[in-house]
Amino acid sequence: DGSFSPDGSRLAYSTTNNGIWILDLSTGQTTAVPGTGNGDFNPMWSPDGKQFVFNRGMGIFDLFLVQPDGENLRQITHGGVQEWPVGWLPDGQHLLYTVPGRENEYTVYKVDVQSGESEMTSSLNTESLSPDSSHILTSEKTFGDRWLVYISDMDGANRWLLNDSNLWVMTPVWSPDGQWLIAAVADTEPASAIGALIDLRTCQVFPLPHLRGNILAWTP
């Protein structure tokens, strides 16, 4: 679970037992983030690159914020459930996160990272935000344990289907300009997935057969 800083110069990632680390991509130097440790994972940089949110916990995950140097480490959610970051809003002040409920049911909240106040925004299974936060990517489970992937406005309006039920589309990631998705795609089972570029303006798909595995991030 890695996350590129907005300027593409650093990668934040977690290790199994040693917390979160920062890799400087120009020098290759890695530095542990002070105050993080076992049970900390899934970092996601803020838009200004000054801090990142991450999950902390074992089975129950709350969200925490920290600067790369370990300063200003603080907890921003206290739900006592599994809380997963979806994406930052461009103002850097608000963050969307999702909470699973009953099977295949989810609730999305928006939290003010300064005050810690949260409000519910939707019940869609929201996986990610477009870079300008004008659109969301959601998924719904269908027959055969497969998932339909949709793109819509933030409020769920103007929704359109990205894939049919014959395709697995996994871990789709927006391009920095919001005009492409890169994803792992399979037509039989997830283990056979290859990469694919999807042009959101034309719906044209470009297979990337040499790219295998889950997609984590796209550099700026």
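Computed from a prediction, not measured in an experiment: that's the story for all the values here. (Residues numbered from 1 in each chain as written. Predicted model: local features only at pLDDT ≥ 70, side-chain atom pairs only at ≥ 80, totals over all residues. Heavy atoms only, no water.)

K.L.:
Can you explain the sheet that holds strand S16 (residues 160–161)? Please cite residues and give values.
P.N.:
Think of a sheet as strands paired side by side through backbone hydrogen bonds, with each pair either parallel or antiparallel. Ordered by their spatial adjacency, four strands build an open sheet running S13-S14-S15-S16, and the pairing between neighbours is antiparallel. The sheet is open, and its two borders are formed by strand S13 (126–129) and S16, each paired with just one other strand. Relative to S16, strand S15 (residues 146–153) is paired through two bridges, and the arrangement is antiparallel. Counted as the bridge partner of Tyr-150 is Leu-161 from S16. (Pairing = 2+ DSSP bridges. Helix = DSSP H or I, 4+ residues; strand = E, 2+ residues; numbered from the N terminus.)

K.L.:
Tell me about the confidence of the model for the protein chain, and please be specific about residues and values.
P.N.:
The predicted structure's coordinates, where accompanied by low pLDDT, should not be read in detail. For the protein chain, the average pLDDT comes to 89, and 100% of its residues sit at 70 or higher. The weakest mean pLDDT in the protein chain belongs to strand S17 (residues 168–174) at 86; the strongest belongs to strand S3 (residues 20–24) at 97. (pLDDT = per-residue confidence, 0-100.)

K.L.:
Tell me about the packing of aromatic side chains, residues and numbers included.
P.N.:
Counted under the stated rule, the structure contains eight aromatic pairs. Judged by centre distance (5.8 Å) and plane angle (25°), the rings of Phe-54 and Phe-64 are stacked. Residue Phe-54 is found in strand S6 (residues 52–56), and its partner Phe-64 is found in strand S7 (residues 62–66); the two are separated by 10 residues along the sequence. Judged by relative accessible area, which is 10%, Phe-64 ranks as buried. Note on Tyr-97 and Tyr-109: the rings are 5.5 Å apart at their centroids and 20° apart in plane angle, and the pair reads as stacked. With Tyr-97 in strand S10 (residues 94–100) and Tyr-109 in strand S11 (residues 106–112), the pair connects residues that are 12 residues apart, well separated along the chain. For Tyr-97, a relative accessible area of 6% puts it in the buried group. Joined through ring pairs, the aromatic side chains of Trp-45, Phe-52, Phe-54 and Phe-64 make up one cluster. In this structure, Arg-56 packs its charged tip against the face of Phe-64, placed 4.7 Å from the ring centre. Positioned above the aromatic ring of Tyr-150, the side-chain terminus of Arg-159 is 3.8 Å from the ring centre. (Phe/Tyr/Trp six-rings, centres within 6.5 Å; stacked < 30°, edge-to-face > 60°. Buried < 20%, exposed > 50% of the residue type's maximum accessible area, 1.4 Å probe, protein only. Lys NZ or Arg CZ within 6 Å of the ring centre and 35° of its normal.)

K.L.:
An account of unusual backbone geometry is requested, with residue identities and associated values reported.
P.N.:
Where the residue is not glycine, phi is negative for most of them; where a peptide bond is considered, it is trans in most cases. The phi dihedral of Asn-42 is positive, around 60°, even though this residue is not glycine. Tracing the sequence through the fold places Asn-42 in strand S5 (residues 40–45). Positive phi is not limited to glycine here, since Thr-171 has a value of about 45°. With respect to the element layout, Thr-171 can be found in strand S17.

K.L.:
Which residues make up the sheet that holds S5, and what are the values?
P.N.:
Strand order in this open sheet of four strands is S5-S6-S7-S8, and the pairing throughout is antiparallel. Looking at which strands have only one partner, the edges of the open sheet turn out to be S5 and strand S8 (74–75). Taken together, the two bridges between S7 and S8 define a ladder with antiparallel strand orientation. Bridge pairing in S8 places Phe-64 opposite Gln-75.

K.L.:
Would you mind going over the pairing of strand S18 (residues 180–186) in detail, with residue names and values included?
P.N.:
A large share of S18 lies buried, amounting to six of its seven residues. What sits between S17 and S18 in their antiparallel hairpin is a turn of five residues, with Gly-178 showing a positive phi close to 75°. Note: S18 against strand S19 (residues 194–199), six bridges, orientation antiparallel. The residue of S19 that forms the bridge with Leu-181 is Ile-198.

K.L.:
So, the pattern of salt bridges: which residues are in play, and what are the values?
P.N.:
Overall, the coordinates contain four salt bridges when judged by the stated rule. The shortest N-O distance in the salt bridge between Arg-56 and Asp-40 comes to 2.7 Å. Residue Arg-56 is located in strand S6, and its partner Asp-40 is located in strand S5; the two are separated by 16 residues in the primary sequence. Residue classification places Arg-56 among the partly exposed residues on the basis of a relative accessible area of 25%. The buried category is assigned to Asp-40, whose relative accessible area is 3%. A salt bridge links Arg-159 to Glu-140; its shortest N-O distance comes to 2.7 Å. Pair noted here: Arg-159 is in the loop between S15 and S16 and Glu-140 is in strand S14 (residues 135–142), with a separation of 19 residues, a long-range link. When its relative accessible area of 33% is taken as the criterion, Glu-140 is described as partly exposed. (Salt bridge = Lys/Arg side-chain N within 4 Å of Asp/Glu carboxyl O.)

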